Amino acid sequence: MRELYVIGIGAGDPQQVTVQAIKAMRKVDTFFVIGKGAEKQELVDVRTGILEEFLDRPYRIVEIADPPRERTPTDYSGVVGDWHDARSELLEAEFARVDGVGAILVWGDPSLYDSTLRVVDRVLARGLVRFDYQVIPGVTSAQALAARHRMVLHRVGEPVHVTTGRRLREEGLGDGSTLVMLDGECAFTQVPQEDVHIWWGAYLGMPDETLIEGPLGDVAEEIVRRRTKLRADKGWIMDIYLLRR
């Protein structure tokens, strides 16, 4: 493989794929897809659907099973580091088998809570395979959330604090607005609810997109109930929300 594209494809709606991303995809011979198991096959299907919609040249898809990792570790950084190492070894082996141009399609944008670039750097650092790579930005779930709720992520002159559910539980709300990703435990239920507003969205840009907005004390239970049902029905969920005092 002489070149790799790491391409952001947006939050799930094929119409969010940029012209730059489409032009890059049309140069690619092999697409590497990291699968998440049978219950999350829809995530792979969305990627292949995007390829079918925009590409009119032959290409190959290599699906790689995502290595397992502990979800509630005591040493979070260490466990994630080991997971990145395992991912990089799998990608390295597949890169070595490919001639021409490869690509990895990334949900949202590769710069925001995604490990792909760190994994690619680990592959290159080992020096067993060599290639150039380019990063193509995509529409983030944060942008999609703001667009679907028709809001600005921050008030005038105020910051936006971007964090995870785990850190929200540990640290609480930041200054200004707090955008929360990767929250599998509904950490917003542990935030003091008085005078806090929430804008929540799941499966943004996909057919099952679900939006709830309102004072946190009024809608928290509804979000938990809807989220639980959606996850049970589909076997997986991707959601994001903004909190603001």
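Treat the numbers as computed from the prediction; the structure is a model and nothing was measured. (Residues numbered from 1 in each chain as written. Predicted model: local features only at pLDDT ≥ 70, side-chain atom pairs only at ≥ 80, totals over all residues. Heavy atoms only, no water.)

Trainee: Residues and numbers for the overall build of the chain, please.
Mentor: Summing up its helical and strand segments, the chain has seven helices and ten strands in all. Relative to a compact globule of 245 residues, whose C-alpha radius of gyration would be 18 Å, the chain shows 19 Å and is just as compact. Principal axes of the C-alpha set define a box for the chain whose edges measure 60 × 40 × 40 Å. Here the chain holds 245 residues, and 49% of them are scored as buried. For the chain, the computed accessible surface area is about 12,600 Å², with 47% contributed by carbon and sulfur atoms. Across the chain, the mean location of the 31 positive side-chain charges is 2 Å away from that of the 39 negative side-chain charges. (Helix = DSSP H or I, 4+ residues; strand = E, 2+ residues; numbered from the N terminus. Rg over C-alpha atoms; globule rule 2.2 N^0.38 Å. Buried < 20%, exposed > 50% of the residue type's maximum accessible area, 1.4 Å probe, protein only. Areas by Shrake-Rupley, 256 points an atom, 1.4 Å probe, with all protein chains shown as cover. Lys, Arg positive; Asp, Glu negative; His and termini not counted. Charge placed at Lys NZ, Arg CZ, Asp CG, Glu CD.)

Trainee: Tell me about the nonpolar core, residues and numbers included.
Mentor: Counting residues in each nonpolar core, the largest one holds 44 residues, and the members touching the most others are Ile7, Met25, Phe188, Ile198, Tyr241 and Leu243. Judged by nonpolar contacts, the second largest core, of 17 residues, contains Met1, Val6, Ile64 and Val119. (Core = buried A, V, L, I, M, F, W, Y, C linked by side-chain atoms within 4.5 Å.)

Trainee: Tell me about the sheet that holds strand S2 (residues 30-35), residues and numbers included.
Mentor: With parallel pairing, five strands are arranged side by side in an open sheet as S3-S2-S4-S1-S5. Only two strands of the sheet have a single neighbouring strand rather than two, namely strand S3 (60-65) and strand S5 (132-136). Neighbouring strand axes in the sheet, compared pairwise and without regard to direction, differ in orientation by 25° on average. The pairing of strand S1 (residues 3-8) with S5 spans five bridges and is classified as parallel. Directly across from glutamate 3, in S5, lies its bridge partner aspartate 132. Contacts between helix H2 (residues 41-54) and the sheet are confined to S2, S3 and strand S4 (101-106), with S2 contributing the most and set at about 160° to the helix. (Pairing = 2+ DSSP bridges. Axes fitted to C-alpha atoms, helices over the stretch in contact; angles between N-to-C directions. Contact = heavy atoms within 4.5 Å.)

Trainee: Lay out the pattern of salt bridges with the relevant residues and their values.
Mentor: Counting across every chain of the model gives 14 salt bridges. When the shortest N-O distance is used, the salt bridge between arginine 148 and glutamate 209 registers 2.6 Å. Taken together, the residues arginine 148 in helix H5 (residues 141-149) and glutamate 209 in the loop between strand S8 (197-202) and strand S9 (210-215) connect sequence positions 61 residues apart. Look at arginine 148 and you get partly exposed, because its relative accessible area is 43%. For lysine 229, the salt bridge is made with aspartate 233, and the minimal N-O distance between the two is 2.8 Å. Placement of both lysine 229 and aspartate 233 in helix H7 (residues 216-234) is noted, with a separation of four residues, approximately one turn of the helix. In this pair, the class of lysine 229 matches that of aspartate 233, namely exposed. Here the salt bridges do not stand alone but share partners, grouping Glu42, Asp208 and Lys234 into one network. (Salt bridge = Lys/Arg side-chain N within 4 Å of Asp/Glu carboxyl O.)

Trainee: Break down unusual backbone geometry for me, with residues and values.
Mentor: Its identity is not glycine, yet aspartate 195 carries a phi of approximately 60°, on the positive side. Mapped onto the elements of the fold, aspartate 195 is located in the loop between strand S7 (177-181) and S8. In this structure, tyrosine 203 takes a positive phi of about 50° despite not being glycine. Note that tyrosine 203 resides in the loop between S8 and S9.

Trainee: Break down the packing of helix H3 (residues 76-95) against helix H4 (residues 116-126) for me, citing the residues and quoting the values.
Mentor: At their nearest, the axes of H3 and H4 sit 8 Å apart, and the two run at 65° to each other. The two elements H3 and H4 cross, and the hand of that crossing is right-handed. Of the residues in H4, those touching H3 at Gly81, His84, Asp85, Arg87, Ser88, Glu89, Leu91, Glu92 and Phe95 are Arg118, Val119, Arg122, Val123 and Arg126. Of the residues assigned to the contact of H3 with H4, the class counts are four nonpolar, three polar and seven charged. (Left-handed = near helix turned anticlockwise from the far one by under 90°. Nonpolar A, V, L, I, M, F, W, Y, C, P; charged D, E, K, R; others polar.)

As far as function goes, none of this settles anything; it's purely spatial.
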